[in-house]
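Residues per chain are reported as follows:
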Amino acid sequence: MTLGRNGNGYDISSQQYFRDLSAELRRKVPPARHQSVSEARGKLGWEAFEFLLDEANLEHDKLDKEFKFKGHVTRAIDGTSFFVPRTDELLEHFSPSKTKAEEGETHYPYGLCLAAINVFTAQPVCAVIDDYRMSERELLRRMLKKFRPGDLSLLDRGLGGKDVYFDYDERGQFFIHRSKTSGDRVAIYVQDFLKSGRKQQVILLKVVEKESRREKKMKLRLILGPTDSEGKPIVFVTNLVDKSRYKRVELIELYKKRWGVETLYNRVKNLFRLERFHARSYNGIMQEIFANLLALSLAAVAVSAVVHEDKLDPEVELPNFKNATEVVRRYLFAVIDQRIPRKKSNAIVKQIPKEVRALRYPIRPGRSYPR
């Protein structure tokens, strides 16, 4: 259903799947009915899909140097809200949002998804889901447990702060955080840096762990980036303090790859249309969220293989991602069904990149999409 972009329900998806399977096995396999699929889903915990997302993660293999930044596995992390059907069970997990006029609440409850995407493979590698009222920083702190020492995160403005910096330092991980530079609550050290007129500066900052209130002093590096679309200065905070190893210009260029997580949410919401949920239970909603991320991950693997084999410059030209998702849908069951001979499965695995590279388009900068 996910790879069909959530346009078809149980019956149509089942008819399509078992028709293709019948042709592959050369014997009639009757499709499962709506009720059977629904009952089977109820017996399968959503964590199975989270597990498969992790299994598909190329980071578990030894990534080539071209898929790292100076040896660091690098991910962009950001959050987005989504609405779910209104049922008594889902209202126990997700809250309706207040209306702008503060006179009532929305009909549909909202959730919050914080996802991490590898900036070089474009794979979504993990996600944390909770009620939309939950702080994105809290979800980030949960997510950090999934990462390894030496990993690098690219963080947008809402994901920074002294408690977050503390957690990264405790885990031996690195970050580049775009700090707030205008409006209320701009950090004093950022204000002082902007007044200094410098392009970069290393400071010693006292940071605090949120729960225990433990304190420590961290070396942090402030970097002046370009101005934004409104003419306001951009300042990055990072614990990559070695100026000789991590050049200022290199870090600014690397941070641009954070946009990949915005592209992820565009694909989840507008290509796969995630919010066309078929389930009405919490377990089912979580299944569909992670199934969508898994499908995008598999398509990203296929695209990355073509980019790597053809030595494409991702800034200039890429295989069409929509086509890649369709290629994955076309061959998915043939690859994973153990009844199909291994020799044929291997041939199909080799066929997938051929069909992905058939549609390649130049990158067209400047286009915008709904968030």
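Residues numbered from 1 in each chain as written. Predicted model: local features only at pLDDT ≥ 70, side-chain atom pairs only at ≥ 80, totals over all residues. Heavy atoms only, no water.

Caption draft 1: Examining the overall build of the protein more closely. Assigned secondary structure in the protein consists of twelve helices and eleven strands. Computed over its C-alpha atoms, the radius of gyration of the protein comes to 23 Å, within 12% of the 21 Å expected for a compact globule of 371 residues. Along the longest, intermediate and shortest principal axes, the C-alpha atoms of the protein span 75 × 55 × 40 Å. Per-residue burial for the protein yields a buried fraction of 47% across its 371 residues. Within the protein, counting contacts between residues at least 6 apart in sequence, those at least 24 apart form 64% of the total. Surface accessibility of the protein: about 19800 Å² in total, with carbon and sulfur atoms responsible for 51%. (Helix = DSSP H or I, 4+ residues; strand = E, 2+ residues; numbered from the N terminus. Rg over C-alpha atoms; globule rule 2.2 N^0.38 Å. Buried < 20%, exposed > 50% of the residue type's maximum accessible area, 1.4 Å probe, protein only. Contact = heavy atoms within 4.5 Å. Areas by Shrake-Rupley, 256 points an atom, 1.4 Å probe, with all protein chains shown as cover.)

Caption draft 2: How the structure looks around the pairing of strand β3 (residues 105-118). Note: strand β1 (residues 74-83) against β3, nine bridges, orientation antiparallel. Residue pairing across strands places F83 opposite Y110, the latter belonging to β3. Relative to β3, strand β2 (residues 95-98) runs antiparallel, the two sharing three bridges. Paired with P96 across the strands is P109, a residue of β3. Bridge count between β3 and strand β4 (residues 124-131): seven bridges; the pairing is antiparallel. Note on β4: the bridge partner recorded for L114 is V128. In sequence, β3 turns back onto β4 through a hairpin of five residues, with A122 there showing a positive phi of about 65 degrees. (Pairing = 2+ DSSP bridges.)

Caption draft 3: The arrangement of the packing of aromatic side chains in detail. According to the stated counting rule, one finds twelve aromatic pairs in the structure shown. Ring centres of F236 and Y255 lie 4.7 Å apart, and the angle between their planes is 50 degrees; this geometry places the pair in the tilted category. Residue F236 is found in strand β9 (residues 233-238), and its partner Y255 is found in helix α8 (residues 248-255); the two are separated by 19 residues along the sequence. Residue class for F236 comes out buried when judged on its relative accessible area of 5%. Classification of Y255 by relative accessible area gives buried; the value is 8%. Through pairs of rings, three or more aromatic residues link up here, namely F82, F94, F277 and Y282. (Phe/Tyr/Trp six-rings, centres within 6.5 Å; stacked < 30°, edge-to-face > 60°.)

Caption draft 4: Main features of the pattern of salt bridges. Going through the model one piece at a time under the given rule, you end up with 26 salt bridges. For K206, the salt bridge identified is with E215, shortest N-O distance 3.9 Å. Judged by its relative accessible area of 44%, K206 falls in the partly exposed class. The residue D310 makes a salt bridge to R360 at a minimum N-O spacing of 3.0 Å. Here R360 lies in strand β11 (residues 360-362) and D310 lies in helix α10 (residues 282-310), a separation of 50 residues in the sequence. Bridged by salt links that share partners, the residues D78, D156, R157, R258 and E262 form one connected network. (Salt bridge = Lys/Arg side-chain N within 4 Å of Asp/Glu carboxyl O.)

Caption draft 5: Spatial organisation of unusual backbone geometry. Positive phi, normally seen in glycine, also occurs at R5, with a value near 60 degrees. As for its placement among the helices and strands, R5 is situated in the segment before α1 (10-25). You can call R5 partly exposed: its relative accessible area is 23%. The residue K70 is not glycine, and still its phi comes out positive at about 50 degrees. Checked against the element boundaries, K70 lands in the loop between α3 (47-55) and β1.

Caption draft 6: Quick peek at the pairing of strand β5 (residues 152-155). Here β5 shows two buried faces, one formed by L152 and L154 and the other by S153 and L155. In terms of strand pairing, β5 meets strand β6 (residues 174-179) through four bridges, oriented parallel. Bridge pairing links S153 to F175 in β6.

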